[in-house]
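Summary of the model geometry
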Amino acid sequence: TPYRLSGEGLGDLFDDMVLGPSVQQLIDLGSLSRVKTYAPADPDMKGIKKTGGDWVKDALSELMDRGTVTGDAITHYKRLCDGQPAIAFCVSVQHAQHVAEQFSAAGYRAASIDGGMSDENRKQTIRDFKDGRIQILASCELISEGFDVPGAVAGLLLRPTSSLSLYLQQAGRILRPAV
C-alpha cells in the first residue's frame, strides 16, 4: 500500500510506482463486493494526540473501550446485520477482549483473537469464524492485513485511524466476495 502517515514519498525505496485499479473499479469488475457504509457517530477526538501521523493508542483505547461505544456498535449490528459474520477492529488487545465479552453478553457468539494466543488457538478461532461458530471476531491489528475470510459481511471499525493504509486494509477484509 503506497502510503506513509508522514506524507513523505516513497522515492527513497522505489524508482517507480505502478498504480493498480481503484476500489471502485474493482467493485465494478466484481472483484470486490458492493458496500454500504453506516457511521452512526464520530467519536470526539478532542484531546487525543497523534504520533507518527496516527492517534496515540493508549488515549485512543481509553476513548473507544467504553461500554457506550460498544453498546452502540451492538445496537447497530443487531439492526443492520443481526447474526451475520462480522469483524470488529479494535484499538488494543484488551479492547478486543472487552468487545467480544460485550457481544457475548448480548447473546452473540463472539471471540477475540490476538498475537499472544498459541498458533493452534488462533487457527481454531479463525476456523470457528469461517465455519460460523463465531459471529463476531474482535481483533487488534492481527487480522487487518492478509486475512482472507470471504463471507464476512460487516466490519465494525472501532479503531479510528488517520492512516489511509490501515483503513483500506481493514475495509478490505470485508470487501472480498464470497465465492
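Attention in this report is confined to the structure presented alongside it. (Residues numbered from 1 in each chain as written. Predicted model: local features only at pLDDT ≥ 70, side-chain atom pairs only at ≥ 80, totals over all residues. Heavy atoms only, no water.)

1. Quick look at the overall build of the protein
Of regular secondary structure, the protein possesses 6 helices and 6 strands. Reading the protein from its N end, one meets helices and strands in the order α-β-β-α-α-β-α-β-α-β-β-α. Considering the protein as a whole, with its 179 residues, one finds that 37% of them fall into the buried category. Long-range pairs, those at least 24 residues apart, make up 67% of the contacts in the protein between residues at least 6 apart in sequence. When the accessible area of the protein is evaluated, it comes to approximately 10,600 Å², of which 51% is carbon and sulfur surface. (Helix = DSSP H or I, 4+ residues; strand = E, 2+ residues; numbered from the N terminus. Buried < 20%, exposed > 50% of the residue type's maximum accessible area, 1.4 Å probe, protein only. Contact = heavy atoms within 4.5 Å. Areas by Shrake-Rupley, 256 points an atom, 1.4 Å probe, with all protein chains shown as cover.)

2. Observations concerning the pairing of strand E4 (residues 110-113)
Taking every second residue as pointing to the same face, both faces of E4 are buried, with Ala110 and Ser112 on one and Ala111 and Ile113 on the other. By the bridge criterion, 4 bridges tie E4 to strand E5 (residues 136-139) in an arrangement that is parallel. Residue pairing for E5: Ala110 is matched across the bridge by Ile136. Handedness of the E4-helix H5 (residues 119-130)-E5 crossover: right-handed. (Pairing = 2+ DSSP bridges. Right-handed = clockwise from strand over helix to strand, strands pointing away.)

3. Some words on the environment of Ala111
In this fold, Ala111 is placed in strand E4. Given the relative accessible area of 17%, Ala111 is considered buried. Note: C-alpha distance between Ala111 and Ala96 (15 residues apart in sequence) is 8.5 Å. Leave out the neighbours within four places in its chain, and Ala111 touches Ala100, Thr125, Ile134, Ile136, Leu137 and Ala138.

4. Quick notes on helix H2 (residues 57-64)
Structurally, the α-helix is built with 3.6 residues per turn, so residues lying three or four positions apart point the same way. The complete set of buried residues in H2 reads Leu60, Ser61, Leu63 and Met64. Projected down its long axis, H2 carries its buried residues within an arc of 160°, all on one side. In H2, the exposed residues that point more than 90 degrees away from the buried face are Asp58 and Glu62. At its buried positions, H2 is contacted by strand E2 (54-55), helix H3 (67-81) and helix H4 (93-105). (Arc of directions from axis to C-beta.)

5. So, the packing of aromatic side chains
A complete count under the given rule lists 3 aromatic pairs for this structure. When the centroid spacing of 5.6 Å and the interplanar angle of 85° are considered together, the rings of Tyr77 and Phe103 count as edge-to-face. With Tyr77 in helix H3 and Phe103 in helix H4, this pair connects stretches of sequence that are 26 residues apart. Considered together, Tyr77 and Phe103 belong to a single accessibility category, that of buried residues. An aromatic cluster of three or more residues is present, and its members are Tyr77, Phe103 and Tyr108. The residue whose ring lies beneath Lys50 is Trp55, and the NZ or CZ to ring-centre distance is 4.6 Å. (Phe/Tyr/Trp six-rings, centres within 6.5 Å; stacked < 30°, edge-to-face > 60°. Lys NZ or Arg CZ within 6 Å of the ring centre and 35° of its normal.)

6. Looking at the state of the cysteines
Disulfides are covalent bonds that link the sulfur atoms of two cysteine residues. If you walk through the whole model with that rule in mind, you get 0 disulfides. The cysteine Cys90 is free of any disulfide, with Cys140 supplying the nearest cysteine sulfur at 7.5 Å. Exposure remark for Cys140: the relative accessible area of 15% places this residue in the buried category. (Disulfide = S-S within 2.5 Å.)

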